[in-house]
Amino acid sequence: MRFFEDIEIGQRRELGSFTFTAELIRKFAAQFDPQRFHLDEEEGRKSLFGGLAASGWHVGSACMKLMVADGQRQAREAAARGEKVAIWGPSPGFRELRWIKPVLANDILHFASEVETKRLSEKRPEWGIVQARNTGTNQRGELAFSVLATAFVPRRNAG
Amino acid sequence: MMLTFDDFPPGHFGSFGPRRVTREEILAFAAEFDPQPMHLDEDAASRSMLKGLSGSGWHLCSIMMRMMFDGFIGRTASLGSPGVNELRWLAPLRPGDDLMLDVEIAEARVSRSRPSTGIVTFKAMIRNAAGQLLCEMISPIIVERRPEPAMGQAG
């Protein structure tokens, strides 16, 4: 993971892809969002989504999964170079989350993250606050998911 | 009887819960979707900003969704949601928390592009048993309107 000082506005990371199989869609929905169009093929077809659709929270959680995996990759690379590894803090929240296109069974979303703003935390001087636009694009090249997420990022020389 | 657009006037809508969240659930969700040490490892978590094991924010969102489903979405003629205007994680979700959900309707308006539906914007708040606010969300859902009464019918 990078330190606050290493982060530049406009920096973009490709996070990788996630395949929403019917099995994964139903498993997440059964636990957290058992609306009929997230559980049943036929109900999905009759709905605005036009097919068995993943819960929006499943899409957001999959994006988080790839964000964490990307962070862990960067940490391993930094450690391999003998550099200090930044451990990111929690997130205070997000804005402008958009479920733009339904994510249907067997859709593959490619996620990416692009830095939009950075500033120092007023209350916690050892931390910076970074906002990034995280997006998910499907295999047809359509933007399906977008969110402006915020995270606490450690400063390099915080001690 | 399904709830339709007219059942969501602005104001307080309802309180739902409690919902107990176990350590096992927190670890299982984190392992699958958010394997950061602060959500998985007691020692690492105690050194983190949140000072102790905490659930993933996306887990809390997903539990909130389930509480909304059990509370009212499951019996609402809902067509889904276009997104979330704003979501704030204000305090950590801890193992053993008993969560309560409060829902307020912030705005309800008929859809211009699809007049047989309305857009209900609600504010959802999750609190723990101590009354501490953990999460606050403002999000619209699309809800079907009740069909117009037939011509000549009284009322």
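Summarised in this report is the structure supplied together with it. (Residues numbered from 1 in each chain as written. Chains lettered and ligands numbered in written order. Predicted model: local features only at pLDDT ≥ 70, side-chain atom pairs only at ≥ 80, totals over all residues.)

A closer look at the overall build of chain B
Working step 1: Scanning chain B for helices and strands turns up four helices and six strands.
Working step 2: By the burial criterion, 34% of the 155 residues in chain B qualify as buried. (Helix = DSSP H or I, 4+ residues; strand = E, 2+ residues; numbered from the N terminus. Buried ≥ 20, exposed ≤ 12 C-beta atoms within 10 Å, placed from the backbone.)

Examining the interface of chain B and chain A
Working step 1: On the chain A side, the residues contacting the 25 residues of chain B number 25 residues.
Working step 2: Elements supplying a minimum of two residues to the side of chain B that touches chain A: α4 (57-71), β2 (78-80) and β3 (83-89) of chain B.
Working step 3: In terms of residue count, α4(B) provides more of the side of chain B that touches chain A than any other element does, seven residues in total.
Working step 4: For the side of chain B that touches chain A, the class distribution of residues is 15 nonpolar, six polar and four charged. (Contact = placed C-beta atoms within 7 Å. Nonpolar A, V, L, I, M, F, W, Y, C, P; charged D, E, K, R; others polar.)

Examining the environment of Thr19(A)
All names here are of chain A.
Working step 1: On the secondary structure map, Thr-19 appears in strand β1 (residues 12-20).
Working step 2: You can call Thr-19 exposed: it has 12 C-beta atoms within 10 Å.
Working step 3: Sequence spacing of Thr-19 and Phe-94 is 75 residues, and the spatial spacing of their C-alpha atoms is 24 Å.
Working step 4: The residues touching Thr-19, leaving out its near neighbours within four places in the chain, are Asn-106 and Ile-108.

Describing the nonpolar core
Working step 1: Membership of the largest hydrophobic core comes to 69 residues, with the highest contact counts inside it found for Cys63(A), Val103(A), Leu109(A), Leu60(B), Met64(B) and Leu101(B).
Working step 2: In terms of residue count, the dominant contributor to this core is α4(B) (nine residues). (Core = buried A, V, L, I, M, F, W, Y, C linked by C-beta atoms within 7 Å.)

Observations concerning the environment of Val59(A)
Working step 1: One can find Val59(A) in helix α4 (residues 56-80).
Working step 2: Those residues within four positions of Val59(A) in sequence are excluded, and the remaining contacts are Ala54(A), Trp99(A), Val103(A), Gly136(A) and Phe145(A).

A short note on helix α1 (residues 23-33) of chain B
Residues and elements named next belong to chain B.
Working step 1: Among the residues of α1, those classed as buried are Ile-26, Phe-29, Ala-30 and Phe-33. Buried positions in α1, seen along its axis, are confined to an arc of 100 degrees and lie on one side of it. Of the exposed residues in α1, those oriented more than 90 degrees away from the buried face are Glu-24 and Ala-31. (Arc of directions from axis to C-beta.)

Overview of unusual backbone geometry
Working step 1: In this chain, Gly17(B) is followed by Pro18(B) through a cis amide linkage whose omega measures 0 degrees.
Working step 2: Inspection of the secondary structure assignment puts Pro18(B) in strand β1 (residues 11-20).
Working step 3: Even without a glycine there, the phi angle at Glu96(A) is positive, about 55 degrees.
Working step 4: For Glu96(A), the position within the fold is in strand β2 (residues 93-99).
Working step 5: Residue Lys51(B) is not a glycine yet carries a positive backbone phi of 50 degrees.
Working step 6: Mapped onto the fold, Lys51(B) is located in the loop between α3 (42-47) and α4.
Working step 7: Take Lys51(B): there are 11 C-beta atoms within 10 Å of it, and that puts it in the exposed class.

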